[in-house]
Amino acid sequence: MNPDDPSGPSGEESISASAERARAQLHEEIERVRRGVEQMLDEQNAPLNSDLRRELDTMQEDLRRYVKVRIRKAQKRTNRRVSQLEDRTTNLEKRLESMDAERRLTEWRIHSDTERMLDGLLQEVRGIADRLEGKPTA
């Protein structure tokens, strides 16, 4: 998935949703394994000894910490990517504003140059008209 692709959903939302799905699947898998171990021990009619219970609880706590760290890292990556996209957007907006200002300045220059040229032509045409009428030139 490309976070720069405008046709896809928002990058932050899709990454967060993916992380949430992955976390849920991981929890489901851990619980499935845990239930399987407990069921296997029940089938053996062996009581769940405290060492095994502690180990299972430790595994679950380790899993929680691992998932929490992974989610935090994924969120940091997402925030960094969003920040980079915001910076790129800001730079593009500045470039557009600069180009718009340059366009307006160019239009003003063209208008001013055209106005001066037309004023000069008008003076020449008047001079020619005055000569044709026999009026003295100023």
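Everything discussed here concerns the structure shown above.
Description of the structure in this document.

Quick notes on the rules
- Residues numbered from 1 in each chain as written.
- Predicted model: local features only at pLDDT ≥ 70, side-chain atom pairs only at ≥ 80, totals over all residues.
- Heavy atoms only, no water.
- Helix = DSSP H or I, 4+ residues; strand = E, 2+ residues; numbered from the N terminus.
- Contact = heavy atoms within 4.5 Å.
- Areas by Shrake-Rupley, 256 points an atom, 1.4 Å probe, with all protein chains shown as cover.
- Patch = residues over 30% accessible without salt bridge, like charges linked within 9 Å, V, L, I, M, F, W, Y side chains within 5 Å.
- Salt bridge = Lys/Arg side-chain N within 4 Å of Asp/Glu carboxyl O.
- Buried < 20%, exposed > 50% of the residue type's maximum accessible area, 1.4 Å probe, protein only.
- Expected span 1.5 Å × (residues − 1).

**Overview of the overall build of the protein**
Line of reasoning, step 1. Secondary structure summary: the protein contains 2 helices and 0 strands in total.
Line of reasoning, step 2. Across the protein, the fraction of contacts at a sequence separation of at least 24, relative to all contacts at a separation of at least 6, is 68%.
Line of reasoning, step 3. Of the accessible surface of the protein, which amounts to about 11700 Å², a share of 53% is contributed by carbon and sulfur atoms.

**Some words on a nonpolar patch on the surface**
Line of reasoning, step 1. A grouping of Met117, Leu118 and Leu121 is seen on the molecular surface, where their side chains present a nonpolar patch of about 290 Å² in accessible area.
Line of reasoning, step 2. Tracing the chain through its elements places Leu121 in helix H2 (residues 50-133).
Line of reasoning, step 3. According to the relative accessible area criterion, Leu121 is partly exposed, its value standing at 42%.

**Description of H2**
Line of reasoning, step 1. When the terminal C-alpha atoms of H2 are compared, their 122 Å separation across 84 residues agrees well with the 124 Å that a helix rising 1.5 Å per residue should span.
Line of reasoning, step 2. Just beyond H2, the residue with positive phi is Gly134, at close to 85°.

**What about the pattern of salt bridges?**
Line of reasoning, step 1. Summed over all chains, the structure comprises 8 salt bridges.
Line of reasoning, step 2. Among the salt bridges present, the one from Glu61 reaches Arg64, with a minimum N-O distance of 3.3 Å. Of the two residues, Glu61 and Arg64 both sit in helix H2, 3 residues apart, roughly one turn of that helix.
Line of reasoning, step 3. Within this structure, Glu61, Asp62, Arg64 and Arg65 form a network of salt bridges that share partners.

**A short note on the environment of Ser16**
Line of reasoning, step 1. Its place among the elements puts Ser16 in helix H1 (residues 11-43).
Line of reasoning, step 2. Take Ser16: its relative accessible area is 29%, and that puts it in the partly exposed class.
Line of reasoning, step 3. Taking the C-alpha atoms as reference points, Ser16 and Thr78, separated by 62 residues in sequence, lie 8.1 Å from one another.

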